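Spelled out from the first residue to the last, the chains are:
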Protein chains: 2
Amino acid sequence: MTATPPLLPELAALTGDDSMLTRRFGKEVTNYFAGSRLNRYSFLRSDAVFLNKAATDPSARFVALKDLSPLVVDKRKLALLTFEDVKPLISEPFTRPDKERIKSHDSTGAPSILIVFLGTIDGDDVTFETSEHGDVKGQPFFAIDITTRGQEKDAVESWLKIQEEKGLRIVTDTRSLSLHSEAAAMFAQARSIIDWNTRHGFCAGCGNPNLSVEAGYKRVCPPTDLKGGSEAIDLPDCPTRHGVSNVCFPRTDPTMIAAIVSADGQRMLLGRQTRFPPNWYSALAGFLEPGESVEEAVRREVWEEAGVRVGRVVVHSTQPWPYPSSLMIGAIAQALPGDAENINLNDKELESAKWFTIEEVREALARTPGTMSAPPPNDYKEGDLRVPPPQAIANRLMTAVVEGYLSGNPKI
Amino acid sequence: MTATPPLLPELAALTGDDSMLTRRFGKEVTNYFAGSRLNRYSFLRSDAVFLNKAATDPSARFVALKDLSPLVVDKRKLALLTFEDVKPLISEPFTRPDKERIKSHDSTGAPSILIVFLGTIDGDDVTFETSEHGDVKGQPFFAIDITTRGQEKDAVESWLKIQEEKGLRIVTDTRSLSLHSEAAAMFAQARSIIDWNTRHGFCAGCGNPNLSVEAGYKRVCPPTDLKGGSEAIDLPDCPTRHGVSNVCFPRTDPTMIAAIVSADGQRMLLGRQTRFPPNWYSALAGFLEPGESVEEAVRREVWEEAGVRVGRVVVHSTQPWPYPSSLMIGAIAQALPGDAENINLNDKELESAKWFTIEEVREALARTPGTMSAPPPNDYKEGDLRVPPPQAIANRLMTAVVEGYLSGNPKI
């Protein structure tokens, strides 16, 4: 038996000075939820032998999510569990290759606890042999979904009690967290993948129950089903089995978000949704649609939401946003002059859209709270503009404008 | 009865000089499949009264796709049909609001022909009243899916014969098309939305048949089903009915594609897949995953596919790619110096990855053919590098590098 290593030994590394952990190149902006050091090794997700060795190694660490909320030490630190810690829940991880699991697919079976391979932090301390890709050196990280379901319920609940006795807890208001950047990135990856698996239990092509494979990153529509018996029953043909895939991949939904500057450069267009706190405004945002470029999506959404016609659009930075799985594509864009700047809530989605002076935005940015759900600071005067905190890319875009992003320096 | 308007009157506009149709702002690059003039009016997709008036108006035009291949006049021109042309197939479009259709959902019913609202080209010629959004002025465009299925088969096939007698035809090798930019954008939008509807006939959350609503842009999991009878039967609870949605939206899959320049700026990294024509190389590409920024995805994919470590990454432009529904995010990136430039096919996905001199790439670009499937030109010497044509964003990225993109001018 492996000796239990000290609880959470590497939290120091994960909660250290952010500037040490973020590798910047050129003028790259690394937004919150990005900046992971994990090497995802996507090509090892089908290597059950590697995954089993990695998951059961004393160096392995697991983050645990219940109903998509993380198990944490405190608001800044994710709990990083060892295999010994999680063994009561996943005693034999990845012992059967996906091919075998697909062959013996039984849709009547109890769902097993989902284990997601997050990747490794490269380093020389631990070496793992792989089936086809040589040696891999680094500390492996996984996520497990401890949402209580069906027959696992009691086991998970008593396990969770033990963790709580150690001082760990589940935080459901995830927007109150202020995880350090790498822990936030790890949480984002885990949350999005677990959420996608949870909400895609059936094949969209034929309606049959599907199966999570490749350590959480694919769901396959198996051609047979034991249905509680010992003989595999052939399933009707599924259209997804023709052409490239009978699998489906995690969704990543590209979403544009833009700070719109007036034609004269003196004002910024912001909007508010009914659900925002009072006086809170943010950058306009919306999902991209098939068949449009980022620039076209920005122009469409800004016109649909606020009636303003936009000219040039510059991509500033991007941000993974794990609610549930967006890629925020942050842009700074400029309105066309004259009537094109008139506000009209065409699609009636926003409660209000307004032009603010750059100075108003600058002041609002200076008094943003630390997290998405924090109250305004003491010096806040009722009625003043409020904007999202730095974790949100909206804040970074507004900040870039206020700091002169559009005034002519090379952007790379 | 409305008089039949002349066939395809506005093809002139859709096949005119590309430079007239593409609105450029700043240094924006409009890639092939982008550059649509259509105003999508996404907020009118639930307005059945508007949609019915728009679809049955003499100014309305329809593009038709069979098994995702378009009905065309020739390789440059999409067929733009009138309502009179398509009336035999969709006699009463959008006559029932989505709410009613959901209430009387019958999963045993024959699938009706999908009609997708593409948008309008703004203009003063035609005015449509809407239910809640005032007057809309412009010429409406739709797409219909004429893939032959079930009981519609005979009707669709004889209708298609009539179109073929008019000289129109379905082109299945869509990569041989050289549609003008606006027609290409219209095709991209239509193809992606039809494809998504075709492959998502069942709710991923519960496995029951779902229903296309909002003129093709949503699929809803109805709470009841007539199942061939006259009484609506309550369906078991579906997890998608909790929280924000019991609907699902079209996928748009963000995909990074990057021209990688060596640290000294003198060479470019390209890769080839086994399925490529001989000597053909292209920029490296791969799907983004949840929880990573564009820059991170570029670094991960380039390292996984070619072993090269990338430093700075600059987004150059984006391209909607309708096979089936990607958002290509085109980047120009630079390798870190020294050993970081060594090639190693880590994930074994590529057949080969190589550094080419900028001069080799320049020469290959000069002799690219006009379409994805065209043979090399006469002056091609066997063994010389071949690269994709200008329709592919890979070509635009390589061209930008060859023309000095990284050499220091402001990129906006």
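Residues numbered from 1 in each chain as written. Chains lettered and ligands numbered in written order. Predicted model: local features only at pLDDT ≥ 70, side-chain atom pairs only at ≥ 80, totals over all residues. Heavy atoms only, no water.

A. View of the UniProt feature "domain: Nudix hydrolase" (unreviewed entry) in chain A. UniProt's entry tags residues 250-378 of chain A with the feature "domain: Nudix hydrolase" (unreviewed entry), counted in the numbering of this structure. Secondary structure across residues 250-378 of chain A divides into 17% helix and 36% strand, with the first and last C-alpha atoms of the span separated by 43 Å. (UniProt positions renumbered as here; feature names shortened; annotations may be inferred. Helix = DSSP H or I, 4+ residues; strand = E, 2+ residues; numbered from the N terminus.)

B. Structural context of the sheet that holds strand β7 (residues 211-213) of chain A. Residues and elements named next belong to chain A. Read across the open sheet, the 3 strands follow the order β7-β8-β11; overall the sheet is antiparallel. What marks the edges here is a single partner per strand, and that holds for β7 and β11 (247-248). As judged from the 3 bridges shared by β7 and strand β8 (residues 218-220), these two strands associate in the antiparallel manner. In the strand pairing of β8, L211 is matched with V220. (Pairing = 2+ DSSP bridges.)

C. Representation of the domain arrangement of chain A. Residue and element names in this part refer to chain A. By domain assignment, chain A separates into domain 1 (23-246) and domain 2 (252-401). Placing a centre on the C-alpha atoms of domain 1 and another on those of domain 2 gives a separation of 34 Å. Here domain 1 and domain 2 share an interface that buries about 1400 Å² over both sides, 57% of which is from carbon and sulfur atoms. Considering only the surface of domain 1 that becomes buried against domain 2, N31, F33 and R175 emerge as the three largest contributors, covering 43% of it. Summed over the shared surface of domain 1 and domain 2, the number is 0 salt bridges. Counting the contacts that link domain 1 with domain 2 gives 6 residue pairs in polar contact (both at pLDDT 80 or more). Here the side of domain 1 that touches domain 2 is built from residues that sort into 7 nonpolar, 5 polar and 5 charged. (Domains from an automatic or database assignment. Buried area = accessible area lost by both parts, 1.4 Å probe. Salt bridge = Lys/Arg side-chain N within 4 Å of Asp/Glu carboxyl O. Polar contact = N/O pair within 3.5 Å; in protein donor to acceptor, adjacent residues only side chain to side chain. Nonpolar A, V, L, I, M, F, W, Y, C, P; charged D, E, K, R; others polar.)

D. Geometry of the environment of A64 of chain A. Residue and element names in this part refer to chain A. Relative to the helices and strands, A64 resides in strand β1 (residues 61-66). For A64 and L80, which are 16 residues apart along the polypeptide, the C-alpha to C-alpha distance reads 8.1 Å. When residues no more than four places from it in sequence are discounted, the contact partners of A64 are S69, P70, L71, L81, I144, I146 and W159. (Contact = heavy atoms within 4.5 Å.)

E. Representation of the interface of chain B and chain A. Contact residues are listed per partner, giving 68 residues for chain B and 68 residues for chain A. With both chains or domains summed, chain B and chain A bury close to 5600 Å², and 57% of this area falls on carbon and sulfur atoms. At the boundary of chain B and chain A, one finds 9 salt bridges. R309 of chain B serves as the salt-bridge partner of D122 of chain A, at 4.0 Å between the closest nitrogen and oxygen.

F. Up close: the relation of the copies chain B and chain A. For these two chains of identical sequence, chain B goes onto chain A by a turn of 180° and a shift of 0.0 Å along the axis, with RMSD 0.0 Å. Both chain copies can therefore be described as sitting about a two-fold axis. In this assembly, 100% of the residues forming the interface of chain B have copies in chain A that are likewise at the interface, indicating an isologous arrangement. (Least-squares fit on C-alpha atoms with pLDDT ≥ 70 in both.)

G. Main features of the nonpolar core. All names here are of chain B. If you look at the biggest cluster of nonpolar residues, it comprises 55 residues, and the most contacted ones within it are V63, L118, M268, L270, I332 and V361. Of all the elements, helix α7 (residues 181-199) adds the most residues to this core, at 8 residues. The residues that make up this core include at least three from each of domain 1 (23-246) and domain 2 (252-401). Contact partners of V361, with chain neighbours within four places excluded, come to M268, L270, F356, L385, M398 and V402. (Core = buried A, V, L, I, M, F, W, Y, C linked by side-chain atoms within 4.5 Å. Buried < 20%, exposed > 50% of the residue type's maximum accessible area, 1.4 Å probe, protein only.)

H. How the structure looks around the sheet that holds strand β8 (residues 218-220) of chain B. All names here are of chain B. A sheet is described by the order of its strands in space; here 3 strands give the open sequence β7-β8-β11, paired in antiparallel fashion. Taken across any chain shown, the strands that pair with only one partner, and hence form the sheet edges, are β7 (211-213) and β11 (247-248). With 2 bridges joining them, β8 and β11 adopt antiparallel strand pairing. Within β11, the position partnered with V220 by the bridge is V247.

I. Structural detail: the state of the cysteines. Residue and element names in this part refer to chain A. Under the defined criterion, the tally for this structure stands at 0 disulfides over all chains. Its sulfur unpaired, C221 is 3.6 Å from the next cysteine sulfur, which belongs to C206. In this model C248 remains outside any disulfide bridge; the closest cysteine sulfur is found in C203, 7.3 Å from its own. For C248, a relative accessible area of 25% corresponds to the partly exposed category. (Disulfide = S-S within 2.5 Å.)

J. The arrangement of the side chain of R45 of chain A in detail. Within the secondary structure, R45 of chain A sits in the loop between α2 (18-21) and α3 (48-56). A distance of 2.7 Å separates a polar atom in the side chain of R45 of chain A from a polar atom in the side chain of E289 of chain B.

K. Expanded view of helix α9 (residues 358-366) of chain A. All names here are of chain A. Every buried residue of α9 is accounted for by I358, V361, A364 and L365. Considered in projection along α9, the buried side chains sweep an arc of 125° and stay on one side of the axis. The inward-facing, buried residues of α9 contact β13 (267-272), β17 (352-357) and α10 (393-402). (Arc of directions from axis to C-beta.)

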